Each structure stands twice: as C-alpha cells, then as structure tokens.
Amino acid sequence: MTTRTGSLDRRTFLRGAIAAAAVASMATACSSPSSEGSDQGGTKGETSAKNPFGVAKNSKVEACIFNGGYGTDYVGYANKVMGSQVAGVTVQVKPVVDIAPELQPRFVGGNPPDLIDNSGEDQIGFLSILDQLETLDDVFEANNYEGKKIADTVYAGVKEPGTFNGKFVGLNYVMTVYGVWYSKSLFDANGWTAPKTWDEAYELGKKAKAKGKYLFVHGKEAATYYQTLLIDSAIKEGGDEVRISLEKLEADSWSQKPIQDILKIMEKMVKEGMFVPGGSGTQFQKAQASWSNDQKALLYPTGGWIENEMKQATKADFQMTGFPEMVLSASPKMPYEAVRAAAGEPFIVPKKAKNVAGGKEVLRALLSKEGAANFAKTKLAPTIVKDTVPADGYGSTALVSQSKMLADAGENIFDYKFVNAYGINTDMLVPWNSFLAGDLDAAGLTKALQKISDKIRNDDSIEKFEVS
C-alpha cells in the first residue's frame, strides 16, 4: 500500500464497510466571488461545543462541487441541518464539471472557494496544491451534530486516501467500489453470465454481436475508465508488484506482462468491433445511456456512482448489477473476487479561503447522521459514516451488489492513487480515445502512457509520494 504518515489499514476499514453495507451539461461556473459574497468569512465567530471551528454567524460558504455522478444537491442539504448548530450560516453551492481549469486560476489568484469537491476527470493534482490546503484532522476531532466525536462514527482508514506526505488534506466522503456493470434482467433473459476471465468476456462479445449488440461502450471524457479496468485487472493478475511499479512511475511500468496481455485482448476486441462505434466523439453520459437505456452494449466498467449518474437514463427493470474486474488466468496472484475500493470524492478546504471555518462546518454537517443518511438514500451509495445503509440498499440492486463485492473480496481489497495524485488523467484521455477508436494500437498506447509517466518521474519540480 502507499505509505502515508499515520495511515491505517484500508482492509480494516473496508471490513467495517462490508458489515455496515450488508446490514444496514455544465451548470453555474465557479467564478471569482462577487461583492455580494464579500462578507463570507471576514470575522470568525466564537468557538463553542456547537461551533468548534468558530464560523461566523450569518456568514456564507462558497462551495464549488463537482457536478458528476452524485450531483451537488447533497451539499446543499447541509443548509437543512447547519442551523441547529450555527445561526444563519448558508452554503452557496456552485456546480463545476472541469475542476482544474476552473479553479486552479483562483488558487493562483489567492481567492479560492471555501470548500471544493476535488473530483472528476479534471481534478487538481493534490501534490501541486498540498501546501495551499488546510489539514482536516480537526474535523475528525470535532463532535458531530449528534454529539459524538466524528472520528468514532466513520470507518477506520478513511483518512488514508486523502493523506499526502503525512498531511490529511482530502476528506473523502463516499465509499467507492470499482467493477464492471451489467443489466441482470438482460443477462437472465439471454442466459448469459458475468465473465470472470478476459477469455470469457471475449466469448460474451461474440454472443453480443450475434444479438446485434456490442460488448462495451465508451465516451470521450471517460475513455480512461478502460485504463482503470486494465490496471485493476493487471494488479489482480500480477499482484502488488504491478501496482508498485505503476505508482513509482518506473521506466517500464506500462510494459509489465499482465498489462500487455490484457491490452492485447482489448486490442482484439476493438479490432473485431466489440465496442459501440463513435465513442471517442460522444459525450460520456450519452455513451453510457446507450448501455443503460438502449442496451446496445452489455458491459460498462466504472465505479459505484453509475446508478445515480444514469438514473434518468436507465431502462425500467434494468437491475443494474456490478461484478469484479476479469482476470487473465486460472491462477492469478489475487483471486477473481478481489476488488479495488476506497473512500472517494475528496473535499478540500483552501488555506486562503475567505471562510475556512465555514468550509469545515459544511463538512461537519455532511458527516452528521442526517446528512450521511440523506446521501445514501438519494444517491444510492454509502458514505464513510457508519450505520446509514440498510440491508435492502434502499431497493438498489447496484448498492446491494457493491455490498456483495466487498463481502466476497474479504481482505483482497486494493487501491492506488498515482493518476489522481499527479493529475495526469486528462493527458491519458488522448491516447485512450485513440486506442478505443482503433486509431492507435496497443504498442502505441503503451508508449504514450509511458511517456506521461516518464514526464512526471523526470520532473524534479514535482513532489513525489512514497510508495511501498
């Protein structure tokens, strides 16, 4: 696992998550603050049991929230619960799709928002702004709205993915499970079963073509979902050494045998027309709808946010269900049941924000039992707050399948962070779109990805995180 000071065992945290889960178009841009918001945090209020950060009464909190699979309304819900703690505090939610292009200039200008959900394909690389972020240990040390210490109400290990070189700066709010998704009703109707190996997936692709369908689909902004599938599958096949090489940005990391073997099969699938054509020129949600609503494709690799993201474009009785990424052989280093899972959706509070205390207070509201239960119920995904997901998953087959994947994985759960830490996903989208369109072969994709890794490794101005 990635070494971070004070981090806990992710597997312990996820075992706790298993128990809880089993039992229980761009909108308004985040422009610079107007004069209307000039009172956002000029003076701090007095600290108290109900106001541990000293947020000023009647102050405003500017929150720029990634407008992706979970939307932004759950942050606005904080307005419904904050009043019980601090009078008149208001969070003003501004949806953003392209986080880095929109918000990096504000860091440079010294006027960042009070709270940012640093997520999505264009998130800001954490290491590039590490010294400009508040540490968030005090949020976990504070009491929640029910009077309990927040650290005692969340799963163990949730600080780990947001801790960089010993600094806890990213509060990851959502439990994210990665896998491959399909329509159980469609599979049942055709007598298909979810593939466990890449060979089985290839055979399923031939069956799909016989029915006038495709195996996979992709959209231009989410082409790297197939990189996630590649890496996850390769780690399962080749073990932790595959992950370590990629995380260390080693000179031949993308040439590792498990990666190349999977790429060869992917290349064959592309050449034999098993991907819905035109994906590299299609907006990703429209592409996803061809899977979830039109059922042109059988499988889609993504995270647990997919059900909520596509709830307005999913065929009735689709029965969205997830399963672990495929392995290559009968004897992989990690079992087929192994999954990548972690706390995700990282919230940050910039040091130069006008209302730092307000940004932290919104996080406290989201971590209240009411705030977390609202997210689980409306987004059909679990947060890091324990005991907020019922056994029936609020009627969600996707949420129930996430619980099953975690339970079946046991201790075989892993994660990695080099793509997000160095903010290189945007660069990787270019070769992946070319590869999935059939314009770039596996060798060309390997060369392009290695070049991106090499550029980061060889740039001494970029701080690197320790890997073990």
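Visitor: Explain the overall build of the chain to me, and be specific about the residues and the numbers.
Guide: Broken down by element type, the chain carries 19 helices and ten strands. For the chain, whose C-alpha radius of gyration is 22 Å, the value lies close to the compact-globule estimate of 23 Å for 468 residues. Each principal axis of the C-alpha distribution contributes one length, and for the chain these read about 65 × 50 × 40 Å. Within the chain, buried positions represent 58% of all 468 residues. Here the chain displays about 17900 Å² of accessible surface, and carbon together with sulfur accounts for 49% of that area. Charge centroids of the chain, computed over 52 positive and 57 negative side chains, lie 2 Å from each other.

Visitor: Give me the lowdown on the packing of aromatic side chains, citing residues and values where you can.
Guide: Taken as a whole and judged by the stated rule, the model has 23 aromatic pairs. On the numbers, 5.9 Å between centres and 85° between planes, the contact of Tyr 178 with Trp 305 is edge-to-face. Highlighted residues: Tyr 178 in strand 6 (residues 171–183) and Trp 305 in the loop between strand 7 (300–303) and helix 13 (306–309), separated in sequence by 127 residues. By relative accessible area, which is 17% here, Tyr 178 ends up buried. The structure contains a cluster of three or more aromatic residues connected by ring pairs, namely Tyr 178, Tyr 225, Trp 291, Tyr 300, Trp 305 and Phe 318. In this structure, Arg 340 packs its charged tip against the face of Tyr 178, placed 4.2 Å from the ring centre. In this structure, Lys 417 is placed above the aromatic ring of Phe 465, and the distance from its NZ or CZ to the ring centre is 4.5 Å.

Visitor: Got a sec to walk through helix 15 (residues 369–379)? Specific residues and values, please.
Guide: Taken together, the buried positions of helix 15 are occupied by Gly 371, Ala 372, Asn 374, Phe 375, Ala 376 and Lys 379. Those residues of helix 15 that are buried are in contact with helix 2 (73–76), strand 6, helix 13 and helix 14 (356–366). Just beyond helix 15, the residue with positive phi is Leu 380, at close to 55°.

Visitor: Explain the nonpolar core to me, using residue names and the numbers behind them.
Guide: By size, the foremost hydrophobic cluster in this structure holds 148 residues, and its most contacted members are Phe 140, Met 266, Met 269, Leu 299, Leu 367, Phe 418 and Trp 432. With nine residues, the single largest contributor to this core is strand 6. Excluding residues within four positions of it along the chain, Phe 418 makes contact with Ile 231, Leu 246, Glu 247, Leu 249, Trp 254, Ile 424, Met 428 and Phe 465.

Visitor: With reference to specific residues and values, describe the side chain of Ser 292.
Guide: Within the fold, Ser 292 resides in helix 12 (residues 284–292). Within the local environment of Ser 292, its side chain forms a polar contact with the backbone oxygen of Ala 313, the two atoms lying 2.6 Å apart. Each residue touching Ser 292, except ones within four places of it in the same chain, is listed here: Met 310, Ala 313, Thr 314, Lys 315 and Phe 318.

Visitor: Hey, could you go over the layout of surface pockets for me, with residue numbers and the actual values?
Guide: Estimates place the volume of the second largest pocket at around 300 Å³. Taken together, 14 residues form the lining of the second largest pocket, with Gly 322, Phe 323, Pro 324, Tyr 336 and Lys 404 sitting closest to its centre. Those elements that place two or more of their residues in the lining of the second largest pocket are strand 8 (320–323) and helix 16 (397–409). Top element by residues in the lining of the second largest pocket is helix 16. It accounts for five residues. A class-by-class count of the residues in the lining of the second largest pocket yields seven nonpolar, three polar and four charged.

Visitor: Lay out the pattern of salt bridges in plain terms, naming residues and giving numbers.
Guide: Counted according to the given criterion, the structure contains 17 salt bridges. Here Asp 73 makes a salt bridge to Lys 379, at a shortest N to O gap of 2.5 Å. Pair noted here: Asp 73 is in helix 2 and Lys 379 is in helix 15, with a separation of 306 residues, a long-range link. We note a salt bridge from Lys 184 to Asp 188, for which the minimum N-O separation is 2.8 Å. Linking Lys 184 with Asp 188, this pair stays in helix 7 (residues 184–190), spanning four residues, or about one helical turn.

Visitor: Help me get a handle on unusual backbone geometry, residues and values and all.
Guide: For Asn 58, which is not glycine, the phi dihedral falls at a positive 60°. The residue Asn 58 is located in the loop between helix 1 (10–23) and strand 1 (60–66) in this model. For Asn 58, a relative accessible area of 52% corresponds to the exposed category. One non-glycine residue, Gln 295, adopts positive backbone phi at about 55°. Within the secondary structure, Gln 295 is located in the loop between helix 12 and strand 7.

Visitor: Help me get a handle on the side chain of Ser 233, residues and values and all.
Guide: Relative to the helices and strands, Ser 233 resides in helix 9 (residues 225–238). Separated by 3.0 Å, the side chain of Ser 233 and the backbone oxygen of Met 326 make a polar contact. Setting aside its immediate chain neighbours within four residues, Ser 233 contacts Trp 198, Ile 262, Glu 325 and Met 326.

Visitor: Could you give an account of the pairing of strand 8, naming the residues involved and the relevant values?
Guide: Both faces of strand 8 are covered, namely the face carrying Met 320 and Gly 322 and the face carrying Thr 321 and Phe 323. Relative to strand 8, strand 6 runs antiparallel, the two being bridged by four bridges. Paired with Ser 183 across the strands is Met 320, a residue of strand 8.

What counts and what doesn't
Residues numbered from 1 in each chain as written. Predicted model: local features only at pLDDT ≥ 70, side-chain atom pairs only at ≥ 80, totals over all residues. Heavy atoms only, no water. Helix = DSSP H or I, 4+ residues; strand = E, 2+ residues; numbered from the N terminus. Rg over C-alpha atoms; globule rule 2.2 N^0.38 Å. Buried < 20%, exposed > 50% of the residue type's maximum accessible area, 1.4 Å probe, protein only. Areas by Shrake-Rupley, 256 points an atom, 1.4 Å probe, with all protein chains shown as cover. Lys, Arg positive; Asp, Glu negative; His and termini not counted. Charge placed at Lys NZ, Arg CZ, Asp CG, Glu CD. Phe/Tyr/Trp six-rings, centres within 6.5 Å; stacked < 30°, edge-to-face > 60°. Lys NZ or Arg CZ within 6 Å of the ring centre and 35° of its normal. Contact = heavy atoms within 4.5 Å. Core = buried A, V, L, I, M, F, W, Y, C linked by side-chain atoms within 4.5 Å. Polar contact = N/O pair within 3.5 Å; in protein donor to acceptor, adjacent residues only side chain to side chain. 1 Å grid on protein atoms, 1.4 Å probe; cavity = no way out; pocket = protein on both sides within 12 Å on 5 of 7 lines; lining within 4 Å. Points joined across faces, edges and corners; volume = space filled by probe spheres on them. Nonpolar A, V, L, I, M, F, W, Y, C, P; charged D, E, K, R; others polar. Salt bridge = Lys/Arg side-chain N within 4 Å of Asp/Glu carboxyl O. Pairing = 2+ DSSP bridges.

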